[in-house]
Amino acid sequence: MTTIAVLGAGKIGEALLSGLIKAGRAPSDLLFTERFPSRAEELTKTYGISHVDVPTAVQRADVIVVAVKPQDIEPLLDEVAPKIPAGKLVVSLCAGLPTKLFERRLPEGTAVVRVMPNTPMLVGEAMAAISGGAHAEDHHLDLVEELLGSVGKVARVPETQQDAVTALSGSGPAYFFYLVEAMIDAGILLGIPRATAADLIVQSAVGAATMLREGDGHPVMLREAVTSPAGTTIAGIRELEKHGVRAALIDAIEAARDRSVELGKAHED
Ligand SMILES: NC(=O)C1=CN([C@@H]2O[C@H](COP(=O)(O)OP(=O)(O)OC[C@H]3O[C@@H](n4cnc5c(N)ncnc54)[C@H](OP(=O)(O)O)[C@@H]3O)[C@@H](O)[C@H]2O)C=CC1
Ligand SMILES: O=C(O)[C@@H]1CCC=N1
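Computed from a predicted model, the values in this text were never measured in an experiment.

S.K.: For this particular structure, what's the right way to read the site of ligand 1?
M.R.: Near ligand 1, the surroundings consist of 21 residues, among which Ile12, Glu34, Arg35, Val68 and Lys69 are the closest. Within the backbone of Lys11, a nitrogen or oxygen atom sits 2.9 Å from an oxygen atom of ligand 1. At 2.7 Å from an oxygen atom of ligand 1 is found a side-chain nitrogen or oxygen belonging to Arg35. Among the secondary structure elements, those contributing two or more residues to the shell around ligand 1 are helix 1 (11-22) and helix 4 (73-80).

Next comes the structure, spelled out in structure tokens:
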């Protein structure tokens, strides 16, 4: 069985570990590193996986998943580079960081796959995009696709698209949560109790997402089917247009893409 080590088990590292266990992977095939002993203890207790130090992780694992913040990558690479044996597969989940950063710092020929996942990994509904670096071969991409395929959907994209993907599907869940939060607030304004408003909106979001994924409709057609002549929906849509919500979303996603590019530039030679 492939042994996987997650370096930095924060929010996304934990989402991956939890998703892999829910998908049937044995906890004994998983390792993680963490800086805070109390956090490590909590994860071991919850998932039954072993907390190890970085040298042990890179020795024992076949696949080394880097899940620290981009700002923490340099000290981690200082620790990993002298210890990692040749022939390991390194998978980076870090926003903005190009595969060539890892290739420059790790032993010559190390296979690196850049992945942009998202937190719905926790419930087996991730969207992950993967791109191989200079030494990643098809079998490496196949292995990463199989691993992430057990916790959601996987797309292969050219690495040049990863900053845009980060903005769309990496950050994307946050924008949906933000919309849901705002819609629940609207319910409160209209006098609906918070719990009822949350039920109404969350189930509407699940229903809409299911129609988008499973139906054969285009989002425009689906929206038109809700929008009756002289009805309620068009009265709301007019307000969304007046407030520039479409342009705001486009600008938001462009800003997220630009931030991803900036995070990568901070680690250029
Ligand atoms: N959150 C998300 O939705 C997504 C995040 N990502 C990417 O995943 C990465 C992690 O993000 P996220 O999980 O949100 O961040 P977190 O801060 O929650 O997780 C990072 C974890 O790594 C730990 N860490 C830092 N340095 C080391 C080290 N040298 N050795 C061991 N552990 C270390 C941190 O510890 P400490 O708390 O002490 O700093 C923290 O627990 C980022 O690069 C991000 O771009 C990608 C897709 C989605
Ligand atoms: O906000 C971030 O930087 C990370 C990357 C994508 C989602 N969360």
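S.K.: Which parts of the structure should I look at to understand the pairing of strand 6 (residues 111-116)?
M.R.: Put simply, side chains in a regular strand alternate between the two faces of the sheet. The element strand 6 is extensively covered by neighbouring structure, given that 6 of its 6 residues are classed as buried. The two faces of strand 6 match: Ala111, Val113 and Val115 on one face and Val112, Arg114 and Met116 on the other face are all buried. For the crossover from strand 5 (residues 89-92) across helix 5 (residues 99-105) to strand 6, the handedness is right-handed.

S.K.: Would you explain the domain arrangement of the protein in this entry?
M.R.: Accessible area lost upon the coming together of the parts is a frequently used measure of interface size. Taken as a whole, the protein is organised into domain 1 (4-159) and domain 2 (172-261). Distance between the C-alpha centres of domain 1 and domain 2: 33 Å. Taken together, the contact between domain 1 and domain 2 spans 8 residues of the former and 4 residues of the latter. Between domain 1 and domain 2 lies a buried interface of about 360 Å² when both sides are counted; carbon and sulfur atoms form 40% of it. Across the contact surface, domain 1 and domain 2 share 1 salt bridge. Across the pair Arg213 and Glu125 runs a salt bridge whose closest N-O atoms are separated by 2.8 Å. Summed over the shared surface of domain 1 and domain 2, the number is 2 residue pairs in polar contact (both at pLDDT 80 or more).

The rules behind the values
- Residues numbered from 1 in each chain as written.
- Chains lettered and ligands numbered in written order.
- Predicted model: local features only at pLDDT ≥ 70, side-chain atom pairs only at ≥ 80, totals over all residues.
- Heavy atoms only, no water.
- Near = heavy atom within 4 Å.
- Polar contact = N/O pair within 3.5 Å; in protein donor to acceptor, adjacent residues only side chain to side chain.
- Helix = DSSP H or I, 4+ residues; strand = E, 2+ residues; numbered from the N terminus.
- Buried < 20%, exposed > 50% of the residue type's maximum accessible area, 1.4 Å probe, protein only.
- Right-handed = clockwise from strand over helix to strand, strands pointing away.
- Domains from an automatic or database assignment.
- Contact = heavy atoms within 4.5 Å.
- Buried area = accessible area lost by both parts, 1.4 Å probe.
- Salt bridge = Lys/Arg side-chain N within 4 Å of Asp/Glu carboxyl O.

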